[in-house]
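Chain and residue survey
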Amino acid sequence: MFLSQKHNMKFTLGLLLTLLLLLSGCRGRQVVAEVNGDTIKRAELDDYKNVLSFLMPDLAPMLNEAKDRQALEEIILQTLIENKLLVQLAAEREIAITDEELTAAVEQQAETISTMSGVDDLTQPREELNITDDQLKAFIAGTLYIEKLIAKITPELEPKEIDDFQSEQPTAGVMLALSQILVQTESEAEIVRTRLLAGEELAIVAQFLPAPTALIKQGELGCVPAATTAYPESFMTAANQLAAGEISAPVQTGLGWHIIVRHERQVPTKEEAAAFLARERLVTIFDEYYQRAEIKLR
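Quick look at the structure, then. (Residues numbered from 1 in each chain as written. Predicted model: local features only at pLDDT ≥ 70, side-chain atom pairs only at ≥ 80, totals over all residues. Heavy atoms only, no water.)

**Here's the deal with the nonpolar core**
If you look at the biggest cluster of nonpolar residues, it comprises 48 residues, and the most contacted ones within it are I40, L77, I81, L85, L89 and Y145. Every element with two or more residues in this core is listed here: β1 (31–35), α2 (42–55), α3 (59–64), α4 (66–92), α5 (99–117), α7 (133–153), α8 (159–168) and α12 (270–292). Dropping the residues within four chain positions of it, I81 is found in contact with A33, V35, I40, Y290, I295 and L297. Counting 14 residues, the second-largest nonpolar core is a separate cluster that includes V174, A226, A238 and A239. (Core = buried A, V, L, I, M, F, W, Y, C linked by side-chain atoms within 4.5 Å. Buried < 20%, exposed > 50% of the residue type's maximum accessible area, 1.4 Å probe, protein only. Helix = DSSP H or I, 4+ residues; strand = E, 2+ residues; numbered from the N terminus. Contact = heavy atoms within 4.5 Å.)

**Some words on the sheet that holds strand β4 (residues 219–225)**
Pairing is antiparallel in the open sheet, where four strands are placed in the order β4-β3-β6-β5. The open sheet terminates on both sides in strands that have one partner only, identified here as β4 and β5 (251–253). Here the strands of the sheet are splayed against their neighbours by 40° on average, with no regard to which way each runs. Across nine bridges, the pairing between strand β3 (residues 175–183) and strand β6 (residues 256–266) is antiparallel. Its bridge partner being in β6, M175 is matched across the sheet by Q266. Its contacts with the sheet place helix α9 (residues 186–197) against β3 and β6, and it is angled at close to 35° to β6. (Pairing = 2+ DSSP bridges. Axes fitted to C-alpha atoms, helices over the stretch in contact; angles between N-to-C directions.)

**Overview of the pattern of salt bridges**
According to the stated counting rule, one finds 12 salt bridges in the structure shown. The shortest N-O distance in the salt bridge between E44 and K84 comes to 4.0 Å. Of this pair, E44 sits in helix α2 while K84 is found in helix α4, placing the two residues 40 residues apart along the sequence. A residue is classified by how much of its surface remains accessible, and E44, at 31% relative accessible area, is partly exposed. A salt bridge links D164 to K160, with the shortest nitrogen-to-oxygen separation between them at 2.8 Å. Taken together, the residues D164 and K160, both in helix α8 and four residues apart, mark about one turn of the helix. On the accessibility criterion, D164 (30% relative accessible area) is partly exposed. (Salt bridge = Lys/Arg side-chain N within 4 Å of Asp/Glu carboxyl O.)

**A few points about the packing of α7 against α12**
Running from amino to carboxyl end, α7 crosses α12 at an angle of 110°, the nearest separation of the two axes being 9 Å. Between α7 and α12, the crossing angle belongs to the class labelled roughly perpendicular. Contacts between α7 and α12 pair I146, L149, I150 and I153 from the former with A275, A278, R279, R281, L282 and I285 from the latter. Across the contact of α7 with α12, the residue classes tally to eight nonpolar, no polar and two charged. (Parallel < 35°, antiparallel > 145°, perpendicular 65-115°, else oblique. Nonpolar A, V, L, I, M, F, W, Y, C, P; charged D, E, K, R; others polar.)

**Thoughts on the pairing of strand β2 (residues 38–41)**
Two faces belong to every sheet, and in a regular strand the side chains alternate between them. When β1 meets β2, the two strands line up antiparallel, connected through four bridges. The partner of V31 across the bridge, within β2, is K41. Adjacent in sequence and paired antiparallel, β1 and β2 are bridged by two residues, among which N36 carries a positive phi angle near 50°.

**Examining the packing of aromatic side chains**
Going through the model one piece at a time under the given rule, you end up with three aromatic pairs. Centroid distance Y48 to F139: 4.9 Å. Interplanar angle 40°. Geometry classified as tilted. You can see Y48 sitting in helix α2 and its partner F139 sitting in helix α7, a full 91 residues away along the chain. Assigned by exposure class, Y48 and F139 land together as buried. Between F286 and Y290 the ring centres are 6.4 Å apart and the planes differ by 50°, which places this aromatic pair in the tilted class. You can see F286 and its partner Y290 sitting in helix α12, four residues apart, about one turn around the helix. With relative accessibility at 14%, the residue F286 sits in the buried group. Y290 sits in the partly exposed class, given a relative accessible area of 24%. (Phe/Tyr/Trp six-rings, centres within 6.5 Å; stacked < 30°, edge-to-face > 60°.)

**Regarding the environment of T228**
Its location among the elements puts T228 in the loop between β4 and α11 (233–241). Along the chain, T228 and G173 lie 55 residues apart, while their C-alpha atoms are 9.8 Å from each other. In this structure the side chain of T228 is engaged in a polar contact, spanning 3.0 Å, whose partner is the backbone nitrogen of A230. (Polar contact = N/O pair within 3.5 Å; in protein donor to acceptor, adjacent residues only side chain to side chain.)

**What to know about unusual backbone geometry**
If a residue is not glycine, its phi is most likely negative; likewise, a peptide bond is most likely trans. Positive phi, close to 50°, is recorded for N36, a residue that is not glycine. Take N36: it is sitting in the loop between β1 and β2. Residue classification places N36 among the partly exposed residues on the basis of a relative accessible area of 34%. For E94, which is not glycine, the phi torsion reads 60° and is therefore positive. Among the structural elements, E94 can be located in the loop between α4 and α5.

Written as structure tokens, this is what we have:
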């Protein structure tokens, strides 16, 4: 009896281990979505998460937290679905990407990451996350398809369409070179403005003030898109109304009181405006394509 029970236990354990191995092997092949007949497998979703963790290290802890993981995976899966649709749309317009283009894009991306992170050799972080060149290429492909679609749409635009676009959206593509000082009260802002109007340098005035929040830095902001939503609406409204070299009145936002200095306003050329219009046209085309798509989540 004892031998029989032992034999059965070994058989059961072996069966469970085999099943576990089969399930772990199949997990990567599991289909999580279907887009116009093309499948997205679990392995693609996992690869995409790994690349995101490599490019955005702050995201990795969130992906490891159970409470955040599901919501983030849903967002990432939606991005993969949109990328799949983007590839299909490009194929319909006879647009393709060569491996040489993808390789060059990966090298450029690596250079950008090295510059931003200060890490010269990215081999170790990539190896830790098991990120291959093919995974990086798949991730970057979406951006290249967008660029090629815009390049395809741009020559199709009529000159009048571009003129109308610039008239209707005067801030599209416009860049503002700005500086600012952020303080907590309106009276402090008035004092700052008086000192700047008297000819004091902004860097000198800012040097003796408390550091602002992490959201908006003190001093030179560099070139900021005139239509950006990265800064509070009241801040950008005031910045867009300034003439070159003008110092704003105090501007209140949820962060405090700002004094803004506008240095330069860079207006896009006709070619640049056409590219912006083509980008907007692509958004409309893609939205319509998305609405017609047959998407199934598994």
